[in-house]
Amino acid sequence: MQQENVYAPVSMGTTLIGIRYTGGVIMASDTWTTRGTFVADRAALKINEISPSVHDFGSIKVMRCGNAAHSQMVSRIVKNYLTMHAMELPHNAKLSLDTVLNLYKSICYSNKNNLSAAYIVTDGRELASVNTSGAIVKHAEWASFGSGSIYVDGFVKSQVRGDLSYIEAKELALRAVSLAIDSDGSSGGNVRLVDVKSTGETTMDIVDNSRLGEFISK
């Protein structure tokens, strides 16, 4: 019997989905962090706040996938740079999402041979992604990453449209991640939902794994 390598890198075989609606963006993720076949964390937080000041600049959320240590450390570095950048901005100035994306791009591209991480970023007004090599893609309607996304990309593409309401976007994101958890052996746990409004406000909800069958069977 082959023994599990307990020193293997912790990765996030995961499902990340961001969907735009009229007035904001819904971000949804599963909550498993895995090390091979071992579930290291069944309630991981994969959606993080990177705004240097939610009061001054509104919420800027990032969803992470790939190697957990890589994605977390890069996000910490980006937030540190944003905090220093915010100190230099004039009073009432806005923080552009392009600034955030270019920081991720620069770090990922400079370390593309050593990093394994990808990101979906939003400020509630725009939705964009940055892959492992630092390529930036802006999305008009939706974005996805992770091992579970390949199981549900077609479903989301067939359901999404440019004028979704908040309820429609939330239900679509929840069902998509639930379906991915049902199909992908590396995605699991609960479904975490974060609503980022275009005004900068944000709320979080979590749907327990025991309820996911309701959304899979719809």
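Here, the structure is the one placed above.
Residues numbered from 1 in each chain as written. Predicted model: local features only at pLDDT ≥ 70, side-chain atom pairs only at ≥ 80, totals over all residues. Heavy atoms only, no water.

A.B. asks: A description of the packing of aromatic side chains should follow, citing residues and the corresponding values.
C.D. replies: In this structure the tally under the stated criterion is two aromatic pairs. The interplanar angle of 40° and the centroid separation of 4.5 Å between the aromatic rings of Y104 and Y119 together place this pair among those described as tilted. Of the two residues, Y104 sits in helix α3 (residues 97-110) while Y119 sits in strand β8 (residues 117-122), which places them 15 residues apart along the sequence. Look at Y119 and you get buried, because its relative accessible area is 0%. Just above the ring of Y109 sits the side chain of K112; from NZ or CZ to the centre is 4.0 Å. Over the ring of Y166 we find K197; its NZ or CZ atom is 5.1 Å from the centre of that ring. (Phe/Tyr/Trp six-rings, centres within 6.5 Å; stacked < 30°, edge-to-face > 60°. Helix = DSSP H or I, 4+ residues; strand = E, 2+ residues; numbered from the N terminus. Buried < 20%, exposed > 50% of the residue type's maximum accessible area, 1.4 Å probe, protein only. Lys NZ or Arg CZ within 6 Å of the ring centre and 35° of its normal.)

A.B. asks: Describe in detail helix α2 (residues 68-88), supporting the description with residues and values.
C.D. replies: Its 21 residues give α2 an end-to-end C-alpha distance of 31 Å, which sits within 8% of 30 Å, the value for a rise of 1.5 Å per residue. For α2, the complete set of buried residues consists of A68, S71, V74, S75, V78, L82 and A86. Down the axis of α2, the buried side of the element spans an arc of 140°, and every buried residue falls inside it. Exposed residues on α2 whose side chains face more than 90 degrees from its buried face are M87 and E88. At the N-terminal end of α2, a side-chain oxygen is found 3.0 Å from the backbone nitrogen of A69, two or three residues along, and the residue is N67. (Expected span 1.5 Å × (residues − 1). Arc of directions from axis to C-beta. Polar contact = N/O pair within 3.5 Å; in protein donor to acceptor, adjacent residues only side chain to side chain.)

A.B. asks: Requested: an account of the nonpolar core, with residues and values cited.
C.D. replies: Side chains that are nonpolar tend, in soluble globular proteins, to be buried together. Formed by 25 residues in total, the largest nonpolar core has its most connected members in I17, I19, L164, V191, L193 and V207. Listing elements by their share of this core, those giving two or more residues are β2 (16-21), β3 (24-29), α4 (149-159), α5 (166-183), β12 (191-197) and α6 (212-216). Among the elements that line this core, the one with the most residues is α5, at nine residues. Sequence-distant contacts of I17, that is, excluding residues within four places in its chain, are made with I26, M27, A28, M63, A143, S144, V152, V156, A176 and V177. (Core = buried A, V, L, I, M, F, W, Y, C linked by side-chain atoms within 4.5 Å. Contact = heavy atoms within 4.5 Å.)

A.B. asks: Describe the pattern of salt bridges, listing the residues and the values that go with them.
C.D. replies: As enumerated under the stated definition, the model contains ten salt bridges in all. In this structure, E214 engages R211 in a salt bridge whose closest nitrogen and oxygen atoms are separated by 3.6 Å. We classify E214 as partly exposed; its relative accessible area is 44%. Look at the salt bridges and you will find they share partners, linking D98, E126 and K138 into a network. (Salt bridge = Lys/Arg side-chain N within 4 Å of Asp/Glu carboxyl O.)

A.B. asks: Which residues make up empty space enclosed by the protein, and what values do they have?
C.D. replies: The full count for this structure, using the stated rule, is one cavity of 30 Å³ or more. In this structure, the largest cavity spans a volume of roughly 30 Å³. Looking at the largest cavity, the residues that line it are F57, S59, I60, L95, L97, D123 and R125. Residue composition of the lining of the largest cavity, by class: four nonpolar, one polar and two charged. (1 Å grid on protein atoms, 1.4 Å probe; cavity = no way out; pocket = protein on both sides within 12 Å on 5 of 7 lines; lining within 4 Å. Points joined across faces, edges and corners; volume = space filled by probe spheres on them. Nonpolar A, V, L, I, M, F, W, Y, C, P; charged D, E, K, R; others polar.)

A.B. asks: So what about the pairing of β12? Which residues, and what values?
C.D. replies: Burial runs high along β12: six of the seven residues are buried. With six bridges joining them, β3 and β12 adopt antiparallel strand pairing. Its bridge partner being in β12, G24 is matched across the sheet by K197. Hairpin geometry of β12 and strand β13 (residues 202-207) is characterised by an intervening segment of four residues between the two adjacent antiparallel strands and by a positive phi of about 100° at G200. (Pairing = 2+ DSSP bridges.)

Any functional reading would require information beyond the geometric quantities listed.
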